[in-house]
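# Descriptive analysis of the structure
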Amino acid sequence: CIPFFLSSELIAPEHVGTVQSISMSSNWFSNFCVGLLFPLMDQELGSYSFVPFAIVLLVTVMYSLLVLPETRGKTYQEVRQEMDASRQRSAFFSPVPQEPGPVELSGQQSEEPETTVV
């Protein structure tokens, strides 16, 4: 459920389907791992077997409160601008380089998009 919320709010519309597929696959794989490993954790940790899950939950809540932007009432472009501005202020991330448009020999940008034949 959560992969659908995050990807539809934070990813460009043309990539949402692919990102949702990857997110759901990793979600199902994680559920499989929990189901496979929980009996071993329960056997080894006993009544403390839920502590690792509580730690992961705490880290996830902190991430969502401190890192993810508020998206209510905003368009994708507004959310993206906010994320880019936040990334530029952060010491952990370098700014994402923007691809320059096609340039003519005179140094002026061309109005026509560049086409590539493969």
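Residues numbered from 1 in each chain as written. Predicted model: local features only at pLDDT ≥ 70, side-chain atom pairs only at ≥ 80, totals over all residues. Heavy atoms only, no water.

In this section: the overall build of the protein. Each helix and strand counted, the protein has 4 helices and 0 strands in total. Helices and strands appear in the protein in the N-to-C order α-α-α-α. Taking all 118 residues of the protein together, 11% fall into the buried category. Here the contacts in the protein between residues at least 6 apart in sequence split such that 28% fall between residues at least 24 apart. (Helix = DSSP H or I, 4+ residues; strand = E, 2+ residues; numbered from the N terminus. Buried < 20%, exposed > 50% of the residue type's maximum accessible area, 1.4 Å probe, protein only. Contact = heavy atoms within 4.5 Å.)

One can find phenylalanine 38 in helix α2 (residues 16–45). Classification of phenylalanine 38 by relative accessible area gives partly exposed; the value is 24%. The sequence separation of phenylalanine 38 and serine 49 amounts to 11 residues, and the corresponding C-alpha distance is 7.8 Å.

In this section: the packing of aromatic side chains. Applying the stated criterion across every chain yields a total of 3 aromatic pairs. Taken together, a centroid distance of 6.2 Å and an interplanar angle of 40° make the contact between phenylalanine 38 and phenylalanine 53 tilted. Of this pair, phenylalanine 38 sits in helix α2 while phenylalanine 53 sits in helix α3 (residues 51–66), placing them 15 residues apart in sequence. Consider the rings of phenylalanine 50 and phenylalanine 53, whose centres lie 6.3 Å apart with planes at 50°: the pair is tilted. Taken together, Phe38, Phe50 and Phe53 form an aromatic cluster joined through their ring pairs. (Phe/Tyr/Trp six-rings, centres within 6.5 Å; stacked < 30°, edge-to-face > 60°.)

Let us now look at α2. For α2, the principal kink sits at leucine 37 and spans about 40°; a proline, proline 39, occurs within the next four residues. Burial in α2 covers these residues: Val16, Gln20, Ser23 and Met41. (Bend = angle between axes of the 7 residues up to and from the residue.)

To continue, consider the pattern of salt bridges. Inspection of every chain in the model, using the stated rule, returns 1 salt bridge. Among the ionic pairs, glutamate 82 bridges to lysine 74, the shortest N-O distance being 2.5 Å. Assessed through its relative accessible area of 30%, glutamate 82 is described here as partly exposed. Residue classification places lysine 74 among the partly exposed positions, given a relative accessible area of 31%. (Salt bridge = Lys/Arg side-chain N within 4 Å of Asp/Glu carboxyl O.)

Here we take up the confidence of the model for the protein. On average, the protein scores 78 in pLDDT, and the residues at 70 or more come to 73%. At the level of individual helices and strands, the protein shows its lowest average pLDDT in helix α1 (residues 2–10), which scores 74, and its highest in α2, which scores 92. (pLDDT = per-residue confidence, 0-100.)

The next point concerns the side chain of serine 49. For serine 49, the position within the fold is in the loop between α2 and α3. Accessibility expressed as a relative area gives 1% for serine 49, which makes it buried. Not counting residues within four places of it along the chain, the set of residues in contact with serine 49 comprises Phe38, Met41 and Asp42.

Glancing now at a nonpolar patch on the surface. Judged by side-chain polarity, Leu57, Leu58, Val61, Met62, Tyr63, Leu65, Leu66 and Val67 come together as a nonpolar surface patch covering roughly 830 Å² of accessible area. Along the chain, tyrosine 63 turns up in helix α3. (Patch = residues over 30% accessible without salt bridge, like charges linked within 9 Å, V, L, I, M, F, W, Y side chains within 5 Å. Areas by Shrake-Rupley, 256 points an atom, 1.4 Å probe, with all protein chains shown as cover.)

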